[in-house]
Amino acid sequence: MSSLALVETLGMAVSTLWGNKLRTSLTMLGVVIGIAAVIAITAVGQGAQESVEGQLRSLGTDVIFVLAGSPTSNGNPVAQAAGTATTLTWEDAKAMGEQAPAVEAVAPVLNAPGQLVWGNKNINTVVVGTTMDYPIVRDFHTERGRFFNQQELDSSERVILLGQTAKQKLFGSDVDPIGQTLRLRGEKFVVIGIMETKGASQLVNVDDQVYIPLSTMASRIVGNNSLNGVSVRAISVKAKGQAQMEAAQFQLSNLLRLRHGIYPPQEDDFTVQSQNDLISALGGIVQIFVVLVAAIGAISLLVGGIGIMNIMLVSVTERTREIGVRKAIGATKLAILTQFLIEAVLVSLTGGFFGIFLGIAGAFAASKLMSIPFVLSPAAIGISFLVAVAVGLFFGVIPANRAAQLDPIAALRSD
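Definitions and cut-offs
Residues numbered from 1 in each chain as written. Predicted model: local features only at pLDDT ≥ 70, side-chain atom pairs only at ≥ 80, totals over all residues. Heavy atoms only, no water. Helix = DSSP H or I, 4+ residues; strand = E, 2+ residues; numbered from the N terminus. Buried < 20%, exposed > 50% of the residue type's maximum accessible area, 1.4 Å probe, protein only. Contact = heavy atoms within 4.5 Å. Areas by Shrake-Rupley, 256 points an atom, 1.4 Å probe, with all protein chains shown as cover. Patch = residues over 30% accessible without salt bridge, like charges linked within 9 Å, V, L, I, M, F, W, Y side chains within 5 Å. Salt bridge = Lys/Arg side-chain N within 4 Å of Asp/Glu carboxyl O. Expected span 1.5 Å × (residues − 1). Phe/Tyr/Trp six-rings, centres within 6.5 Å; stacked < 30°, edge-to-face > 60°. Lys NZ or Arg CZ within 6 Å of the ring centre and 35° of its normal. Pairing = 2+ DSSP bridges. Core = buried A, V, L, I, M, F, W, Y, C linked by side-chain atoms within 4.5 Å. Arc of directions from axis to C-beta.

A. How the structure looks around the overall build of the protein. Within the protein, the regular secondary structure consists of 13 helices and 17 strands. Residue burial in the protein is summarised as follows: out of 415 residues, 46% are buried. Within the protein, counting contacts between residues at least 6 apart in sequence, those at least 24 apart form 78% of the total. For the protein, the computed accessible surface area is about 20400 Å², with 61% contributed by carbon and sulfur atoms.

B. View of a nonpolar patch on the surface. On the surface, a cluster of nonpolar side chains totalling about 420 Å² of accessible area is made up of Leu 22, Leu 26, Leu 29 and Ile 33. Looking at the element boundaries, Leu 22 is found in helix α2 (residues 21-57). Note on Leu 22: relative accessible area 64%, which makes it exposed.

C. Layout of the pattern of salt bridges. Scanning all chains against the criterion turns up 8 salt bridges. Residue Asp 92 pairs with Arg 259 through a salt bridge whose shortest N-O separation is 2.6 Å. A residue pair is termed long-range when its members are at least 10 positions apart, and Asp 92 in helix α3 (residues 90-99) and Arg 259 in helix α8 (residues 245-260) qualify at 167 residues. Since its relative accessible area comes to 2%, Asp 92 is described here as buried.

D. Fine view of unusual backbone geometry. With an omega of 5 degrees, the peptide bond running from Pro 264 to Pro 265 counts as cis. Within the secondary structure, Pro 265 sits in the loop between α8 and β17 (270-274). Residue Asp 139 is not a glycine yet carries a positive backbone phi of 50 degrees. Among the secondary structure elements, Asp 139 is positioned in the loop between α4 (134-138) and β7 (142-145). A relative accessible area of 35% places Asp 139 in the partly exposed class.

E. Representation of helix α11 (residues 333-370) in the model. With 38 residues, α11 should cover 56 Å at 1.5 Å per step; its first-to-last C-alpha distance of 54 Å lies within 8% of that length. Just beyond α11, the residue with positive phi is Ser 371, at close to 55 degrees.

F. How the structure looks around the environment of Phe 289. Looking at where Phe 289 falls in the secondary structure, it is placed in helix α9 (residues 275-318). We classify Phe 289 as partly exposed; its relative accessible area is 45%. Placed 244 residues apart in sequence, Phe 289 and Gly 45 show a C-alpha to C-alpha distance of 7.7 Å.

G. Looking closely at the packing of aromatic side chains. Summed over all chains, the structure comprises 5 aromatic pairs. When the centroid spacing of 5.6 Å and the interplanar angle of 40 degrees are considered together, the rings of Tyr 134 and Tyr 211 count as tilted. Residue Tyr 134 is located in helix α4, and its partner Tyr 211 is located in strand β13 (residues 209-213); the two are separated by 77 residues in the primary sequence. Across the pair, Tyr 211 and Tyr 134 agree in class, each one buried. What links up through ring pairs into an aromatic cluster is the set Tyr 134, Phe 140 and Tyr 211. For Lys 94, the ring lying beneath its charged end belongs to Trp 90, and the centroid distance is 4.6 Å.

H. Region of the structure containing the environment of Leu 376. Structurally, Leu 376 is set in the loop between α11 and α12 (378-404). Measuring from C-alpha to C-alpha, the distance between Leu 376 and Val 44 comes to 8.6 Å, with 332 residues separating the pair along the chain.

I. Molecular detail of the pairing of strand β16 (residues 234-239). The buried count for β16 comes to 6 of 6 residues, which makes it a mostly enclosed element. With burial as the criterion, each face of β16 is covered, one bearing Ala 234, Ser 236 and Lys 238 and the other bearing Ile 235, Val 237 and Ala 239. Across 5 bridges, the pairing between strand β1 (residues 63-68) and β16 is antiparallel. Looking at the pairing, Phe 65 lines up with Ser 236 of β16. Examined bridge by bridge, strand β5 (residues 103-118) and β16 share 6 bridges and lie antiparallel to one another. Across the sheet, Val 103 pairs through a bridge with Ala 239, a residue of β16.

J. Structural view of the nonpolar core. Val 66, Met 96, Leu 116, Ile 160, Leu 162, Ile 235 and Val 237 are the most contacted members of the largest nonpolar core, which has 47 residues in total. Leave out the neighbours within four places in its chain, and Ile 160 touches Leu 116, Leu 182, Phe 189, Val 190, Val 191, Ile 192, Gly 193, Val 210, Tyr 211 and Ile 212.

K. Structural view of the environment of Val 210. Along the chain, Val 210 turns up in strand β13. Counting along the chain gives 85 residues from Val 210 to Thr 125, while the straight-line C-alpha distance between them is 7.3 Å. Excluding residues within four positions of it along the chain, Val 210 makes contact with Leu 116, Thr 125, Val 126, Val 127, Val 128, Ile 160, Leu 161, Leu 162 and Ala 166.

L. Just the pairing of strand β6 (residues 121-130), in detail. Bridge count between β5 and β6: 9 bridges; the pairing is antiparallel. Looking at the pairing, Leu 116 lines up with Ile 123 of β6. Hairpin connection of β5 to β6: 2 residues between the antiparallel strands, including Gly 119 at a positive phi of 60 degrees. With 5 bridges joining them, β6 and β13 adopt parallel strand pairing. Within β13, the residue paired with Val 126 across the bridge is Gln 209.

M. Region of the structure containing helix α6 (residues 164-171). Regarding α6, the residues found buried are Gln 164, Ala 166, Lys 167, Leu 170 and Phe 171. Buried residues along α6 cover an arc of 160 degrees about the axis, so they all sit on one side. Once α6 finishes, Gly 172 follows within two positions and takes phi at roughly 70 degrees, a positive value.

What follows is the structure, given as structure tokens:
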């Protein structure tokens, strides 16, 4: 087919589609929805992943978390429920700081829910008991006031630091919390500092927590003492740089096995995870979610393609006489095939353009509503464009071929 004939055929296809605007719009709707869903969900998933990864990295990529309990039992995952017995102690944390050469600082953590009372106001929050190295390990420092010191830790002093959200809920903007006295579990605590804004970390809003000495937490708040010392829920460890991460994990695992009397084939009663492990696991979860939703979008594209084929078959039936006239005056099977194929591709391609625009707009709106980065995937947009063309070609072949195979005499006799 010459280029002139192709341009003429394209013009006829556009004229036909424009003459049936409502039907054409409804036909491309499935393609629009499918492509918009794929682009928007991919962008939202990547934005959410980037947001959470950024928050995790803000704590430092050289952080290791030692958690109580084994990740598996006889090869099966173990769920660690709140309130279950812990196998880690403050003494374990001290040994890590003293005996693991690749470790820079260690911060054991013991937390529990608690209610803070000040005057006629009260809030429910999470109370975190820890040590002075917590700001170093978690890269989480005071904005005003100070962190507690060694003397206050040794003597189980009733001092407390507030996260930004907890401070705002209890004191608002008009009262200076420093030096104020609060009640926690019937005990009086003096506010000595306000932590900087940090936001969510590991799906927990650390700004909505309060911080007290670990000794105070164990003796006055939860009374969580084991026969071997003060029990803790987790131990945060800062390695001496990213290059020392593997060495630190190896040293910590071996040290705990020796301290807990664990020998092969016994399973560990603890779990050692790095910040990078958490980021990788999170990335895998987000990718699975994106693939699942993209699959739903692909189903919508399939439905849209079937709609295109159905409408094109109806169009062939309606235009049988037109096809017969064109064949009678010399139109070839290729010309008829090309015209109907172009119509199908135009419907799909136009739907693809609208879908891409709608998907980008939806992703932008979602990023503003969810306060996550606006991330567009060029690959998703490119693939969506190619899929739109492929849908038109694939589902347009059958009706186009049916039109091309019509007998001109029979077509002319049709009503």
